[in-house]
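Coordinate analysis (summary)
Each chain is listed here by its residues.
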Amino acid sequence: MRRKLIAGNWKMNGSLAANAVLLTGIRSGMGEARCEVAVCVPAPYLAQCRDALAGSPVRWGGQDVSVHESGAYTGEVSASMLLDFGSRYVIVGHSERRSYHREDDDMVAAKALRAVAAGLVPIVCVGETLQEREQGQTESTVTRQLDAVLAALSVEQVTRIVVAYEPVWAIGTGKTATPEMAQEVHGLLRSRLNQKSPAAAEVVPILYGGSMKPDNAAELLAMPDIDGGLIGGAALKALDFLSIIRAC
Ligand code: 13P
């Protein structure tokens, strides 16, 4: 059985005071969640998450990782630093990093490799822009993005990643892919995983991200290849995040 995962991506939001309220709300409202839950937070708040979530089932992690182990890379955060604060997950290749920081497929693959080699679980994001979808390039785009990562990892390492399909046109826009549209891409991603390693296709969760909210989560999560969600805006409100967790 593939595990289910609901992960929050806080992006560049939060403050010590606001996080304290949010983390307490999530922790106390979790109950008996049947899926794994994580929050991916700005690096300065990792220590706060460790202190607030220790002993709870909620995991935490970062939103990016350097391809380098250490050294003169001003502003970057290494895998070992994320681990120092108890991180389990790190997002790599989010479309905001690909577009605002010009991260290409090779760099995303190198980051995924660095994360896995260090013992973190990379949440590898793929997704097409509106223009790519309208030009019929959804399949070629997400395949290219995922294949770059699969090529960089060994068969065994691929079993230790999470994939997230995030259509760029659905992020923060309130437009969600229909469950059928999302399932079509998730099925395709599953078959690429299967080509690399049938074992990975069995165990690697494929999350959907892009305006997932309490009112559309259940129908998306009901699709056979949607194993969870990567949640932006709705992860910043404890009640919304908890309601998506309950839908899982
Ligand atoms: P929204 O849920 O705000 O659309 O963001 C999705 C996302 O980018 C998660 O990584």
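Scroll up for the structure.
Residues numbered from 1 in each chain as written. Predicted model: local features only at pLDDT ≥ 70, side-chain atom pairs only at ≥ 80, totals over all residues. Heavy atoms only, no water.

**Focus: the sheet that holds strand E5 (residues 121-126)**
Quick note on the threshold: A pair of strands is treated as paired once DSSP finds two or more bridges between them. Every helix listed is a DSSP run of H or I at least four residues long, and every strand listed is a run of E at least two residues long, numbered separately from the N terminus. Angles shown run from 0 to 180 degrees and are taken between the N-to-C directions of axes, each axis being a line fitted to C-alpha atoms and, for helices, limited to the stretch in contact. We call two residues in contact whenever any of their non-hydrogen atoms come within 4.5 Å of each other.
If you trace the eight strands once around the closed barrel, you get E1-E2-E3-E4-E5-E6-E7-E8, paired in parallel fashion. Averaged over all pairs of adjacent strands, the angle between strand axes in this sheet comes to 25 degrees, irrespective of strand direction. Bridging between E5 and strand E6 (residues 162-165) involves four bridges; their strand directions are parallel. When the sheet's bridge partners are listed, Val126 is paired in E6 with Tyr165. Lying on the sheet, helix H9 (residues 179-196) is in contact with E5, E6 and strand E7 (206-209); it crosses E7 at an angle near 150 degrees.

**A word on the site of the ligand**
Definition in use: The near set for a molecule or strand comprises every residue that places at least one heavy atom within 4 Å of it. Two N or O atoms count as a polar contact when they lie within 3.5 Å, although within protein this holds only if one can serve as hydrogen donor and the other as acceptor, and sequence-adjacent residues are included solely when both atoms are side-chain atoms. For accessible areas, the Shrake-Rupley method is used with a probe of radius 1.4 Å. Any residue's cover is judged against the shown protein chains and nothing else. Basically, the charged four are Asp, Glu, Lys and Arg, the nonpolar ten are Ala, Val, Leu, Ile, Met, Phe, Trp, Tyr, Cys and Pro, and anything else, Gly included, counts as polar.
In the vicinity of the ligand, the contacting residues are Asn9, Lys11, His94, Glu166, Ala170, Ile171, Gly172, Gly210, Ser211, Leu230, Gly232 and Gly233. Asn9 places a side-chain nitrogen or oxygen 3.0 Å from an oxygen atom of the ligand. With respect to the ligand, the side chain of Lys11 contributes an N or O atom lying 2.8 Å from an oxygen atom. With the chains in place, 97% of the 310 Å² that the ligand exposes on its own is no longer accessible. Looking at side-chain class alone, the shell around the ligand contains three nonpolar, seven polar and two charged residues.

**Here's the deal with the nonpolar core**
Note the cut-off: Residue types Ala, Val, Leu, Ile, Met, Phe, Trp, Tyr and Cys, when buried and joined through side-chain atoms within 4.5 Å, form a set referred to as a nonpolar core. Each residue is assigned to one of three classes by its accessible area relative to the maximum for its type, calculated with a 1.4 Å probe on protein chains only: buried under 20%, partly exposed between the two thresholds, exposed over 50%.
If you look at the biggest cluster of nonpolar residues, it comprises 66 residues, and the most contacted ones within it are Ile6, Val39, Leu189, Tyr208 and Phe241. Those residues in contact with Tyr208, other than ones at most four positions away along the chain, are Tyr165, Pro167, Ala170, Thr176, Ala177, Ala182, His186, Leu220, Ile226, Gly228, Gly229 and Leu230. Among the nonpolar cores identified, the runner-up in size contains 13 residues, and Ala7, Cys40, Ile91 and Val121 belong to it.

**A closer look at the pairing of strand E8 (residues 228-231)**
Going by this rule: We call a crossover right-handed when, viewed with the strands running away from us, the connection from the first strand over the helix to the second turns clockwise.
Residues Gly228 and Leu230 point to one face of E8 and Gly229 and Ile231 to the other, with burial holding for every one of them. Bridge count for strand E1 (residues 5-9) against E8 is four bridges, and the pairing is parallel. Bridged to Gly8 within E8 is Ile231. Where E7 and E8 come together, two bridges link them in parallel fashion. Looking at the pairing, Tyr208 lines up with Gly229 of E8. Note that the unit made of E7, helix H11 (residues 214-221) and E8 has a crossover that is right-handed.

**Observations concerning helix H1 (residues 16-29)**
What counts is decided by this rule: Here a helix's expected span is defined as the number of its residues, less one, multiplied by 1.5 Å. Each C-beta atom gives one direction from the helix axis, and the arc is the one those directions make.
Helix length check: H1, at 14 residues, gives a terminal C-alpha distance of 20 Å against a target of 20 Å (1.5 Å per residue), a fit within 8%. Buried within H1 are the following residues: Asn19, Leu22, Leu23 and Ile26. The buried residues of H1 occupy one face: seen down the axis, they fall within an arc of 95 degrees. Exposed and oriented more than 90 degrees from the buried face of H1 are Ala17, Val21, Thr24 and Ser28. Among the structural elements, strand E2 (36-40), helix H2 (46-53), strand E3 (58-62) and helix H12 (238-247) are those in contact with the buried residues of H1. At the C-terminal side of H1, Gly31 shows a positive phi close to 60 degrees.

**Overview of the pairing of E1**
Among the five residues of E1, five are classified as buried, and the element is accordingly described as predominantly covered. Side-chain alternation along E1 places Leu5, Ala7 and Asn9 on one buried face and Ile6 and Gly8 on a second face that is also buried. As defined by bridge partners, E1 adjoins E2 across five bridges and the pair is classed as parallel. Residue pairing across strands places Ala7 opposite Ala38, the latter belonging to E2. In this fold, E1 hands off to H1, which returns the chain to E2; that crossover is right-handed.

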